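# Topology and contacts: notes
Below are the chains, spelled out letter by letter.
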Amino acid sequence: MNVRAAMRRAPVCALLMGLSSAALADVWINELHYDNSGTDANERVEIIGTAGTSLTGWKVVLYNGGDRKAYRTINLSGTLASQCGGHGTAWFAVTGIQNGNPDGVALINASNAVVEFITYGGSFTALDGLAAGRVGVNMGVSESSSTLSTQSLQRKGTGSTAAQFTWNAPSTSSWGACNAGQTLTGGTTDVAPTVSSTSPANAATGVAASSNITVNFSEAVTLATGWYTISCPSG
């Protein structure tokens, strides 16, 4: 199914387009560690998703359940490899994750849309930031001062979307790999979408400044700021 993006009254005399956009993919928070006995160590957040998905522009936003406000943003990067069932993982070290009761973590995509907002030690509605107005989904499990620094909270089960997996009590961490007790299905290598056609055509000349520009993609896409450029030759 193609998606059309129209830009009205573009001042174009020749259309030269350079496009980049992220295909829709199943991506979610898969593992988390924030509290342990003694000084907190190995605090991390792991993301999992369809192999080939670029995390450029994605973010993890940490929320304080006390004032319900965001207190830290972590910019993600890298491309998910194919590790299990056409899916791949990437973990990010995050020092100072608050210890809950409640607190939360939001996953934000490259278009600044909330992919998911999870909470631990209870639930609350985010007051500000990119997840403002969202009600956190309580993980139902948590860590404590008796948790080991080598353990984490992990999603387990079988499926291809976050909703098909459930959070489990602390167990030995598996950063950078699919979790024990987790079977991924349905994943495929994520091929970047392409532009199938434009109107006016690419490199067209004599295009009226009042013309609409339509871009058809090879698949449904989520468009980010700066996804297109328009250039006119001089003269």
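Quick note: structure is the one above.
Description of the structure in this document. All residue numbers refer to positions counted from 1 along the written sequence of the respective chain. For a predicted model such as this one, the threshold for reporting local features is a pLDDT of at least 70, and the threshold for listing and counting side-chain atom pairs is 80 or more; totals across whole chains, interfaces and linings nevertheless cover every residue. To obtain the side-chain values, all non-hydrogen atoms of the structure were used and water was disregarded.

## Overview of the nonpolar core
Let me state the cut-off plainly: Think of a nonpolar core as a cluster: buried Ala, Val, Leu, Ile, Met, Phe, Trp, Tyr and Cys residues, connected wherever their side-chain atoms sit within 4.5 Å. When accessible area is computed with a 1.4 Å probe and restricted to protein chains, residues below 20% of their type maximum are described as buried, those above 50% as exposed, and intermediate ones as partly exposed. In DSSP terms, a helix is any run of H or I states spanning at least four residues, a strand is any run of E spanning at least two, and both are numbered starting from the N terminus. Note on contacts: a residue pair qualifies if any of its non-hydrogen atoms lie within 4.5 Å across the two residues.
Ranked by size, the top nonpolar core spans 25 residues in total, and within it Ile47, Leu55, Val60 and Leu76 carry the most contacts. Elements with a contribution of two residues or more to this core: β3 (27-33), β4 (44-50), β5 (59-64), β7 (87-93), β8 (103-108) and β9 (114-120). For this core, the element with the highest residue contribution is β3, accounting for three residues. Not counting chain neighbours up to four residues away, the residues in contact with Leu76 comprise Ile47, Leu55, Thr56, Gly57, Trp58, Lys59, Val60, Phe92 and Leu107. Membership of the second largest hydrophobic core comes to nine residues, among which are Val61, Tyr63, Ile108 and Phe124.

## Description of the sheet that holds strand β6 (residues 69-75)
Formally: Pairing between two strands is assigned when DSSP locates at least 2 bridges connecting them.
Strand order in the open sheet formed by five strands is β6-β5-β8-β9-β10, and the pairing between neighbours is mixed. The open sheet has two free edges, formed respectively by β6 and β10 (137-138), since each of these has just one partner strand. Here six bridges tie β5 to β8, and the two strands are oriented antiparallel to one another. Pairing of Val61 across the sheet is with Ala106, part of β8.

## Examining the pairing of β4
Burial of β4 is extensive: seven of the seven residues sit out of reach of the surface. Across six bridges, the pairing between β3 and β4 is antiparallel. Bridge assignment links Glu31 to a residue of β4, and that residue is Glu46. Here β4 runs beside β7; their pairing, made up of seven bridges, is antiparallel. The residue bridging Ile48 from the neighbouring strand is Thr89, located in β7.

## Looking at the packing of aromatic side chains
Our working rule: Pairing of aromatic rings covers Phe, Tyr and Trp, the last counted by its six-membered ring, and requires centre-to-centre distances within 6.5 Å; plane angles under 30 degrees mean stacked, over 60 mean edge-to-face, and any other angle means tilted. Throughout this description, the term charge over a ring refers to an Arg CZ or Lys NZ atom that lies within 6 Å of the ring centre and within 35 degrees of the ring normal.
Throughout the structure, instances matching the rule amount to four aromatic pairs. Centre to centre, the rings of Trp28 and Phe165 are 5.7 Å apart; their planes meet at 25°, and the pair counts as stacked. With Trp28 in strand β3 and Phe165 in strand β12 (residues 165-172), this pair connects stretches of sequence that are 137 residues apart. Judged on exposure class, the residue Trp28 and its partner Phe165 are both buried. Taken together, the ring pairs connect Tyr63, Phe117 and Phe124 into an aromatic cluster. Above the plane of the ring of Trp91 lies Arg44, whose end atom (NZ or CZ) is 3.9 Å from the centre.

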